[in-house]
Structure formats: structure tokens, C-alpha cells
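Each chain is listed here by its residues.
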Amino acid sequence: PPTPEPTPVPPTPAPTPNAVPHLMLVMADDQGYHNVPWRNTEQAAMPGDQALKSLVETEGVKLDRMYAFAWCGPTRSSIMSGRFPSHVTEDNAGAIDDVKGGVDLRMKLLPEKLKEAGYYTFIVGKWHLGARADVQLPINRGVDHFFGMLTGMGDHYSYASNAASGYTDLWENDGPAYGKGGEYSCDLYTAEAVRVITAHDASVPMFGFVS
């Protein structure tokens, strides 16, 4: 009998626009070089330590020469603007009525650049990049959805902020997050991030910043 013709291998399909990756950035405030499970086995175990250690060892990169500013505000400004703090701000002010702190409005932030590229953007947690005027709010700086605190030094249970003169600092988009409290802040922010990610249309690239 004749030899059957080999089954042709279909060509590899060209990438589609939906192949653009989703991006997640997680920032931990005031975390020391030695306060991670892959560097210090003697510290008290935290939920998720082993999973994080395994992820870093199998898929991650350990940075042995990573430097950050001494305060959280300038570090955030640097990450979001792509510039050294000395070129953005070295002031850690973040109070509602403080004229200092934040990123110059003439500088585009990472969410603004990604939004121009077709991304849906959200931030959950701490903003601390300026809140004195409406134009400084996250939703006016390229963020489609924001939930968290605008300033810093917030209480995990009452959400009162020392940087905001003791006022409750819990916001959703452009106004107070009425009725959204009542939980430990980390649990509250985690639940909101999971909600946003789960409800998102996966065909649209997404950038999330949890801090």
C-alpha cells in the first residue's frame, strides 16, 4: 500500500493583541534586606513565607545590590516616575494640606504610560504620591480604579492617618470609601485586589499596583 502522507504541521499562529502581558507590582513598606524567608530562617514564620520562598527560588531573581530611598514617599515617586528621588522628590510629606511631596505634574507616571498603551490600571493600598489637589489624585494620574489611603502612617484598623492630622484616610477613586472599612487593612486591600482581578476582562491587559 502507498505510504500515507505525513500530517502537515500547522503554522504557529501570529501573536494577537491579547498576548500583551498583564502586570502586577507589589511593594512592601519598610521591609529590611534580612526580613525575607530566603535570607533569614530564624525570623518568625509568616503566612505565605514558604510559597514566596519557593517562587523566588524557582522563578524569581534575588537582588543582592538593590538600593531604595530611606523613606516610603520618595521610593514610590521613584518607582512611579522612573527617576531617582533626587530628580523627583526627597520629601516624605504626604499630608492632605502639605505643599511638598508627590510627583511633579509635568512628569508622567507609570500608570499613565501604560494606560496610553491600552492597559486597565488599578492601585490598591497606599498612594503617598501627592493629595493636596484633585489633579494629584490617582484617578487623575492614569489610574482607572483606586482603593486605599492617599497619605501615610495609617492605622491598620481605624485607617486614621498621622499624616492627615488623624482623619480617616480610606478612599475609593475620588471620594471617601464609605462603608468599606471594618477589617485589618492588609486583609481589606488583599480582598479588593482579588475582586478587581477576578472581575477584570482578561482580554484587556491589566496593570495592578498593590502597596
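This part takes up the overall build of the protein. Counting secondary structure elements, the protein contains five helices and six strands. Starting at the N terminus and ending at the C terminus, the protein contains elements arranged as β-α-α-α-α-β-β-β-β-α-β. Per-residue burial over the protein gives 36% buried out of 211 residues. For the protein, the exposed area adds up to about 13200 Å²; of that, 58% sits on carbon and sulfur atoms.

Here the structure, examined in full by the defined rule, presents six salt bridges. A salt bridge links Glu172 to Lys180, with the shortest nitrogen-to-oxygen separation between them at 2.7 Å.

Among the 10 residues of helix α2 (residues 72-81), nine are classified as buried, and the element is accordingly described as predominantly covered. Those residues of α2 that fall on the buried side of the exposure criterion are Cys72, Gly73, Pro74, Thr75, Arg76, Ser77, Ser78, Met80 and Ser81. Among the structural elements, α3 (85-88), α4 (110-116), β2 (120-126) and β6 (206-210) are those in contact with the buried residues of α2. Where α2 ends, the next residue or the one after it, Gly82, has phi of about 75 degrees, a positive value.

Once that is clear, we can look at the side chain of Ser77. Relative to the elements of secondary structure, Ser77 occurs in helix α2. According to the relative accessible area criterion, Ser77 is buried, its value standing at 1%. Beyond its immediate stretch of four places on either side in the chain, Ser77 contacts Val88, Thr89, Gly102, Val103 and Leu129.

With that settled, consider the nonpolar core. Counting 18 residues, the largest nonpolar core has Met80, Val103, Ile123, Trp127, Phe146, Leu150 and Phe209 as the members making the most contacts within it. The residues touching Met80, leaving out its near neighbours within four places in the chain, are Lys108, Leu109, Leu110, Pro111, Ile123, Leu129 and Phe209. In terms of nonpolar packing, the next biggest core, distinct from the first, is built from 13 residues, Phe147, Leu170, Tyr189 and Val210 among them.

This paragraph deals with the packing of aromatic side chains. Counted according to the given criterion, the structure contains two aromatic pairs. Taking the centre distance of 6.2 Å and the plane angle of 80 degrees together, the rings of Phe147 and Tyr189 count as edge-to-face. Placement of the pair is Phe147 in strand β3 (residues 145-149) and Tyr189 in helix α5 (residues 185-199), with a sequence separation of 42 residues. Note on Tyr157 and Tyr184: the rings are 5.3 Å apart at their centroids and 50 degrees apart in plane angle, and the pair reads as tilted. One end of the pair, Tyr157, is in the loop between β3 and β4 (171-172); the other, Tyr184, is in the loop between β5 (175-176) and α5, and 27 residues separate them in sequence. For Tyr184, a relative accessible area of 30% gives the class partly exposed.

Our next topic: the sheet that holds strand β1 (residues 23-26). Hydrogen bonding along the main chain pairs the strands of a sheet, whether they run parallel or antiparallel. A sheet is described by the order of its strands in space; here six strands give the open sequence β1-β6-β2-β3-β4-β5, paired in mixed fashion. Of all the strands in the sheet, just β1 and β5 have a single pairing partner and so form its edges. Pairing of β2 with β6, which is carried by five bridges, proceeds in the parallel orientation. Paired with Phe122 across the bridge in β6 is Gly208.

Within the element layout of this structure, Lys126 appears in strand β2. Exposure remark for Lys126: the relative accessible area of 10% places this residue in the buried category.

Extensive coverage of β6 is indicated by the burial of five of its five residues. Covered by surrounding structure in β6 are Met206, Gly208 and Val210 together with Phe207 and Phe209, the residues of both alternating faces. In this structure, β1 lies alongside β6, joined through four bridges in parallel fashion. Paired with Leu25 across the two strands is Phe209, which belongs to β6.

For the rest of this paragraph, the subject is the environment of Leu188. As for its placement among the helices and strands, Leu188 is situated in helix α5. Relative accessible area serves as the criterion here: at 7%, Leu188 is assigned to the buried category. In this structure the C-alpha to C-alpha distance between Leu188 and Gly148, which are 40 residues apart in sequence, comes to 9.0 Å. Filtering out sequence-adjacent residues up to four positions away, Leu188 remains in contact with Phe147, Tyr159, Leu170, Lys180, Gly181 and Glu183.

Criteria and cut-off values
- Residues numbered from 1 in each chain as written.
- Predicted model: local features only at pLDDT ≥ 70, side-chain atom pairs only at ≥ 80, totals over all residues.
- Heavy atoms only, no water.
- Helix = DSSP H or I, 4+ residues; strand = E, 2+ residues; numbered from the N terminus.
- Buried < 20%, exposed > 50% of the residue type's maximum accessible area, 1.4 Å probe, protein only.
- Areas by Shrake-Rupley, 256 points an atom, 1.4 Å probe, with all protein chains shown as cover.
- Salt bridge = Lys/Arg side-chain N within 4 Å of Asp/Glu carboxyl O.
- Contact = heavy atoms within 4.5 Å.
- Core = buried A, V, L, I, M, F, W, Y, C linked by side-chain atoms within 4.5 Å.
- Phe/Tyr/Trp six-rings, centres within 6.5 Å; stacked < 30°, edge-to-face > 60°.
- Pairing = 2+ DSSP bridges.

Read these as geometric descriptors, not functional statements.
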